[in-house]
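A look at the structure
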Amino acid sequence: GQSLEQPSEVTAVEGAIVQINCTYQTSGFYGLSWYQQHDGGAPTFLSYNGLDGLEETGRFSSFLSRSDSYGYLLLQELQMKDSASYFCAAYNQGGKLIFGQGTELSVKP
Amino acid sequence: EAGVVQSPRYKIIEKKQPVAFWCNPISGHNTLYWYLQNLGQGPELLIRYENEEAVDDSQLPKDRFSAERLKGVDSTLKIQPAELGDSAVYLCASSLAGAHEQYFGPGTRLTVT
């Protein structure tokens, strides 16, 4: 089968750094994406890793290790507005995006 | 640039009634997706279109769900008849062909009573 595992909840304080891990098991794996979704809102694309290594976009970074079937999203200098659900999603060679269950991040003052 | 537009935003119907959702993708985006999202879970693909062709409908329950994308632009997703278990958010997304980034609409929250 195809599945992605990520923690259901993470809590951190404003200004801190948080890492959300994702392990995947998918056939025809092509790359790993991350999406952010605020309550009642639309999922919004954050990053894509097609190659091993770190991709940095402002306060957010994403990492992929194909050999470990593992990736993570790193959020730095946390702000209250970062409180949201974060989804890892595996992109396969058929052009299909398979989402994980999501990690609910709560940022406390 | 306008984003993905969906209507209605909310819909409440009784079971066994039909319902339809409409989506207008971002201009120029060839690929259109319909997803279902249950509370506390990630989106699950129902159907993917490349222009007007449905290239992946393997997860669409075809006994009650249907979709169309006439002229390769707007799309409609229909459920007939609706069941209690269909209560969820139905998300539409679009992308350029072969692109990794998908742009999602705000979704239609369906409640079946």
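Thresholds applied
- Residues numbered from 1 in each chain as written.
- Chains lettered and ligands numbered in written order.
- Predicted model: local features only at pLDDT ≥ 70, side-chain atom pairs only at ≥ 80, totals over all residues.
- Heavy atoms only, no water.
- 1 Å grid on protein atoms, 1.4 Å probe; cavity = no way out; pocket = protein on both sides within 12 Å on 5 of 7 lines; lining within 4 Å.
- Points joined across faces, edges and corners; volume = space filled by probe spheres on them.
- Helix = DSSP H or I, 4+ residues; strand = E, 2+ residues; numbered from the N terminus.
- Nonpolar A, V, L, I, M, F, W, Y, C, P; charged D, E, K, R; others polar.
- Pairing = 2+ DSSP bridges.
- Axes fitted to C-alpha atoms, helices over the stretch in contact; angles between N-to-C directions.
- Contact = heavy atoms within 4.5 Å.
- Buried area = accessible area lost by both parts, 1.4 Å probe.
- Salt bridge = Lys/Arg side-chain N within 4 Å of Asp/Glu carboxyl O.
- Polar contact = N/O pair within 3.5 Å; in protein donor to acceptor, adjacent residues only side chain to side chain.
- Buried < 20%, exposed > 50% of the residue type's maximum accessible area, 1.4 Å probe, protein only.

This part covers the layout of surface pockets. Taken as a whole, the largest pocket holds about 670 Å³ of empty space. If you list the elements that add at least two residues to the lining of the largest pocket, you get β9 (84-92) and β11 (103-108) of chain A together with β9 (88-95) and β11 (108-112) of chain B. Here the lining of the largest pocket is built from residues that sort into ten nonpolar, 19 polar and four charged. Forming the boundary of the second largest pocket are 17 residues, of which Ile 98 and Phe 99 of chain A together with Pro 43, Glu 44 and Leu 45 of chain B lie nearest the centre. Taken together, the elements giving at least two residues each to the lining of the second largest pocket come down to β1 (3-5) and β10 (97-99) of chain A together with β5 (44-50) of chain B. A per-class count over the lining of the second largest pocket returns eight nonpolar, seven polar and two charged.

The pairing of strands in a sheet happens through backbone hydrogen bonds and is either parallel or antiparallel. Residue and element names in this part refer to chain B. Pairing within the open sheet is antiparallel, and its four strands lie in the order β1-β3-β8-β7. Edge positions in the sheet fall to β1 (5-7) and β7 (65-68), since each has one partner strand and no second. Between one strand and the next, the sheet's axes are offset by a mean angle of 15°, whatever the strand orientation. One ladder, built from five bridges, connects strand β3 (residues 19-24) with strand β8 (residues 75-79); its direction is antiparallel.

The subject of this paragraph is the interface of chain B and chain A. Reports often express the size of an interface as the amount of accessible area lost when the parts come together. With 21 residues of chain B in contact, the opposing surface of chain A contributes 18 residues. Carbon and sulfur atoms make up 53% of the area that chain B and chain A hide from each other, which totals about 1500 Å². Counting every contact that joins chain B to chain A gives zero salt bridges. One can count three residue pairs in polar contact (both at pLDDT 80 or more) joining chain B with chain A. Those elements giving two or more residues to the side of chain B that touches chain A turn out to be β4 (31-37) and β5 of chain B. Tallied by class, residues from the side of chain B that touches chain A come to seven nonpolar, ten polar and four charged.

Residues and elements named next belong to chain A. Here five strands make up an open sheet; going across it, the order is β1-β3-β8-β7-β6 and the pairing antiparallel. The open sheet has two edge strands with one neighbour each: β1 and β6 (53-57). Taken pair by pair, the neighbouring strands of this sheet meet at an average axis angle of 20°, ignoring direction.

So, about the pattern of salt bridges. Pairs can form between side chains of opposite charge whenever their charged atoms are close. Considering all chains together, one arrives at five salt bridges over all chains under this definition. The shortest N-O distance in the salt bridge between Arg 59 of chain A and Asp 82 of chain A comes to 2.8 Å. Of this pair, Arg 59 of chain A sits in the loop between β6 and β7 (60-65) while Asp 82 of chain A sits in the loop between β8 (70-75) and β9; the two residues are 23 residues apart in sequence, bridging distant segments of the chain. Put simply, Arg 48 of chain B and Glu 50 of chain B hold a salt bridge, and the shortest N to O gap is 3.0 Å. Judged by relative accessible area, Arg 48 of chain B falls into the buried class, the value being 9%. The structure contains a network of salt bridges with shared partners spanning Arg 64, Glu 83 and Asp 86 of chain B.

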